[in-house]
Amino acid sequence: MWTFTSDTEEYAAVAEPYLLGDPVGNTVPLTVLANLRAGMPAKDPRFGWWTVDGVVRGAAFHTPPYPIGLAVMPVEAVPSLVEALGRDIPALVGQVELTDEVARLLGPPIRVISERLYRLGTLAVPDVPGWGRPAVPADYPLLVSWYQAFSDEVALPEGDAAERVAQRLAARELFVWEADGVPVSLAALSPAAGGVCRIGPVYTPPSCRKRGYAAAVTAYASQTGLAERCDQVVLFTDLDNPTSNAIYQAIGYEPVSDYAHITYA
């Protein structure tokens, strides 16, 4: 049975213990919950949890304009969720076996982005010219332009770029790689949730690509996370981008499971 609420704390009280049972697989729902508690604005949020004999076995959340997000849960939870949502699912993201079940019930989506979740094993710091550092307020205009460029490139909602960069700068979540005194790449690091931080987005402007900067800034942000903030670091990649998958594996990231972002409208 699915139960829904718009109250963050009500949802957290019921669903957070379940989510913490797999903090790596549930990195997104746990991070969203942490951000909401920290004051991140959300218009018309909706949270749900699935119970079997009174025990929580699954969870879902929706914070528009982002897609509906699914926690790690059994496939059997999906049909009743689809019906509870009135079969109104403009976009959804979750483990691929769950999104496959949604597609079986609703028909083929108009867009599918296949993703893979990686967890950092032993970090191998690449030998790349330059140095990493935390982003500072003077970087703000450049980072806003990079955030917007990233959103345009992947064609996925990232919210208002200026607002997100301001929030993440204030929370010390943004890092840059500099070469010859000039910022050349960006990596963001989510706040720890369940002992897990997540890298993303990572962006290098086209003129600076194929020089190892994305690997370098990701390694730097990962080091910072492990040294100061969390026990594990994870990230998602687009499986249609073999370059990024190879880059992250080369610095020590290991595959965990596959996810998909599906769009119907």
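Cut-offs applied
Residues numbered from 1 in each chain as written. Predicted model: local features only at pLDDT ≥ 70, side-chain atom pairs only at ≥ 80, totals over all residues. Heavy atoms only, no water. Pairing = 2+ DSSP bridges. Helix = DSSP H or I, 4+ residues; strand = E, 2+ residues; numbered from the N terminus. Axes fitted to C-alpha atoms, helices over the stretch in contact; angles between N-to-C directions. Left-handed = near helix turned anticlockwise from the far one by under 90°. Contact = heavy atoms within 4.5 Å. Salt bridge = Lys/Arg side-chain N within 4 Å of Asp/Glu carboxyl O. Buried < 20%, exposed > 50% of the residue type's maximum accessible area, 1.4 Å probe, protein only. Polar contact = N/O pair within 3.5 Å; in protein donor to acceptor, adjacent residues only side chain to side chain. Parallel < 35°, antiparallel > 145°, perpendicular 65-115°, else oblique. Nonpolar A, V, L, I, M, F, W, Y, C, P; charged D, E, K, R; others polar.

Before going further, it helps to examine the pairing of strand 12 (residues 253-263). As paired elements, strand 5 (residues 91-95) and strand 12 share five bridges and run antiparallel to each other. Counted as the bridge partner of A91 is T263 from strand 12. Pairing analysis gives ten bridges linking strand 6 (residues 111-120) to strand 12, with the strands arranged antiparallel. If you follow R119 over to strand 12, its bridge partner there is E254.

This next bit is on the packing of helix 1 (residues 8-19) against helix 2 (residues 27-37). Two elements in contact, helix 1 and helix 2, have axes separated by 11 Å at closest approach and are oriented at 150°. Crossing of helix 1 against helix 2: the hand is left-handed. Across the interface between the two elements, T8, E9, Y11, A12, E16 and L19 from helix 1 touch P29, L30, L33, L36 and R37 from helix 2.

The subject of this paragraph is the pattern of salt bridges. Here the structure, examined in full by the defined rule, presents nine salt bridges. R37 is the partner of E16 in a salt bridge, and the nearest nitrogen-oxygen pair spans 3.1 Å. Here the residue E16 occupies a position in helix 1, and R37 occupies one in helix 2, the gap between them amounting to 21 residues. Owing to a relative accessible area of 41%, R37 belongs among the partly exposed residues under this scheme. Between R133 and E178 there is a salt bridge, with its nearest N and O atoms 2.6 Å apart. Placement of R133 in strand 7 (residues 131-134) and of E178 in strand 8 (residues 174-179) is noted, with a sequence separation of 45 residues between them.

Moving on, we come to the side chain of S185. By the element assignment, S185 lies in strand 9 (residues 182-189). You can call S185 buried: its relative accessible area is 0%. Within the structure, the side chain of S185 is placed 3.3 Å from the backbone oxygen of Y203, a separation counted as a polar contact. A polar atom in the side chain of S185 sits 2.7 Å from the side chain of T204.

What follows deals with the packing of helix 5 (residues 140-154) against helix 6 (residues 161-170). At a minimum axis separation of 9 Å, helix 5 and helix 6 run at an interaxial angle of 125°. On the basis of their axis angle, the class for helix 5 and helix 6 is oblique. Between helix 5 and helix 6 the crossing geometry is right-handed. In this structure, helix 5 contributes Y140, L143, V144, Y147 and Q148 to the contact, and helix 6 contributes A161, A162, R164, V165, A166, R168 and L169. Across the contact of helix 5 with helix 6, the residue classes tally to nine nonpolar, one polar and two charged.

What follows is about the sheet that holds strand 11 (residues 232-238). Here we have twelve strands laid out as an open sheet, ordered 1-2-3-4-5-12-6-11-10-9-8-7, and mixed in their pairing. Looking at which strands have only one partner, the edges of the open sheet turn out to be strand 1 (2-5) and strand 7. On average, adjacent strands in this sheet sit at an angle of 25° to one another, irrespective of strand direction. Across six bridges, strand 8 lies against strand 9 in antiparallel orientation.

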